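# Fold and contact review
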Amino acid sequence: MRMGKIRMAMIGCGRRAPSWFRTISAVPELEIVALCDKMPARVEDRARLLGEKRVALYSDHRKMLEEVDCEAVAVVTEPEYQASLSVEAMEAEKDVISEVPAGYSMTDCWDLVLTVERTGRVYYLAEQQRHSPMTLSWQKMVREGKLGKILFVEGHYLHAMGEDRFWVDTQTGKQIAWAEKAGNANVVKSRLWRMQHPILYGPHELSPLLKILDDRVVKVACFSTRTESYRFEEVPFPGMTEPFTSPDLEVAMMHTEKDTIMRFAAGFNAPSSGAHWYHLMGTKGDVETGRGKNESGKTYFCEAPVIRGNEFSVERMDATWEFERDRVPDRASATGHGGMDYFPLSDFVQCILNGTEPDIDVYSAVETAAPVIVAAASAEDGGMVKTVPDFRPGPERKVGQNPGG
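Residues numbered from 1 in each chain as written. Predicted model: local features only at pLDDT ≥ 70, side-chain atom pairs only at ≥ 80, totals over all residues. Heavy atoms only, no water.

## Observations regarding the sheet that holds strand E4 (residues 72–75)
To be explicit about the condition: In short, DSSP must find at least two bridges between two strands for them to pair. Only DSSP runs of H or I with at least four residues qualify as helices, and only runs of E with at least two residues qualify as strands; both kinds are numbered from the N terminus onward. Between the N-to-C directions of two axes lies an angle of 0 to 180 degrees, each axis being a line fitted to C-alpha atoms and, for a helix, fitted only over the stretch in contact. In what follows, residue pairs with any heavy atoms lying within 4.5 Å of each other are defined as contacts.
Strand order in the open sheet formed by six strands is E3-E2-E1-E4-E5-E6, with parallel pairing between adjacent strands. The sheet is open, and its two borders are formed by strand E3 (56–58) and strand E6 (123–125), each paired with just one other strand. If you compare each strand with its neighbour and ignore which way they point, the axes differ by 25° on average. As judged from the six bridges shared by strand E1 (residues 6–11) and strand E2 (residues 30–36), these two strands associate in the parallel manner. Across the sheet, the residue bridging to Met10 is Leu35, located in E2. Seen against the sheet, helix H4 (residues 79–91) touches E1, E4, strand E5 (95–98) and E6 and runs at an angle of roughly 165° to E5. Contacts from helix H9 (residues 342–354) reach E1, E2, E4, E5 and E6, with the element oriented near 165° to E5.

What follows is the structure, given as structure tokens:
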């Protein structure tokens, strides 16, 4: 490693790129040196956001990996490409931080694990919620036994999309609304059309929840509403001329290695007051985040059984979870997701500089992706219970050994 800043290249200049620029600028040890996107116009447009900073621009990521002198790569593309691009970058001797999810297939998961084991490179999943004050506070509660044995966990990711998320102009790379696509010969469908299973976005919830529990999912069953959206059939966007072929909701039931039951719901069509929601229920109480915008969380604690008839005599109390002021640098506040985007990238840098273990290493990363990959398969099989593989090395698989022999 050279002295000075870590030189970072970024693959993907879509919707999340401007936020990544702000986060990179908030981490003083980082310097962005190259941008790559398969749409040249989009690369040039994003490069202008960097002002006087001059970076190398590419539309071929392999050429960029070969030519650019850098130590790290940020993969900020559509989810279906993130695993393969991360693998290529690590094989090119770069450390990698990737957007969520880690992958969309079991092959993706195993490729990531085996590449990290073979190359020894740092792989980091840039999931923000695991760094939130809620996650850190609940993790402390669980470790201290304040909630007792965790019996039941719930979460959802319900993120209704605006009308500009469905179509992309291939010449400019810009997202356009339904009404604007008429007569545009360059328009193509966005990745939302290819995502037949919204449950695949489960890592945004599984990442913090599995960190809190220090656990992994071993069995999954999942159900889905029909492929065509009810929501957009009933309330279409202006200019909508065809059905949107993605389920409004998918719900998975999961069983963990430590005998906790989890329920997770995901959807991108139906409106919701708040995208993220979490709930833990233990033998000594429960905690829950607010279900909607500006709602407070709730807590209930009781050391001894207090059932009188059918009523609990201890009331649930309002609660909030906030960062300790000295834990959050001022520069973090300029980054996305309420300042939480800063923490994955900052931790990634420390892993490179100091050899520390990632807060979410490759095993933890694929343990957030594999359960929902299995859930999607379960939904296609009518809700059949399916097993999630164990990616960690052990008696059955040595480090670097392909599970298929």
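## Considerations on the side chain of Gln82
This is how it is decided: Think of it in three bands: residues with accessible area under 20% of the maximum for their type are buried, residues over 50% are exposed, and the middle band is partly exposed, with areas taken using a 1.4 Å probe on protein chains only. Throughout this description, a polar contact denotes any pair of N or O atoms lying within 3.5 Å of each other; where both atoms belong to protein, one of them has to be capable of donating a hydrogen while the other can accept it, and for residues adjacent in sequence the pair is counted only when both atoms sit in side chains.
Note that Gln82 resides in helix H4. Here Gln82 falls in the buried class, since its relative accessible area comes to 1%. At a separation of 3.0 Å, a polar atom in the side chain of Gln82 contacts the main-chain carbonyl oxygen of Glu99. A distance of 2.8 Å separates the side chain of Gln82 from the backbone oxygen of Pro101, its partner in a polar contact. When residues no more than four places from it in sequence are discounted, the contact partners of Gln82 are Val75, Thr77, Ser98, Glu99, Val100, Pro101 and Ala102.

## A few points about the layout of surface pockets
Defined as follows: Here a cavity denotes grid points, spaced 1 Å and computed from the protein atoms alone, that fit a 1.4 Å probe unable to get out, and a pocket denotes an open set having protein on both sides within 12 Å along at least 5 of 7 lines; residues with an atom within 4 Å of a point are the lining. Grid points are joined across faces, edges and corners, and a volume is the space filled by probe spheres set on the points.
Taken as a whole, the largest pocket holds about 1,200 Å³ of empty space. Along the wall of the largest pocket there are 47 residues; nearest its centre are Gly14, Arg15, Arg16, Thr77 and Arg191. Secondary-structure elements contributing two or more residues to the lining of the largest pocket are helix H2 (40–48), H4 and strand E10 (187–189). It is H4 that contributes the most residues to the lining of the largest pocket, four residues altogether.

## Concerning the sheet that holds E10
Pairing within the open sheet is antiparallel, and its three strands lie in the order E9-E8-E10. Every other strand in the sheet has two partners, leaving strand E9 (175–176) and E10 as the edge strands with one partner each.

Bear in mind that shape data such as this cannot, by itself, settle questions of function.
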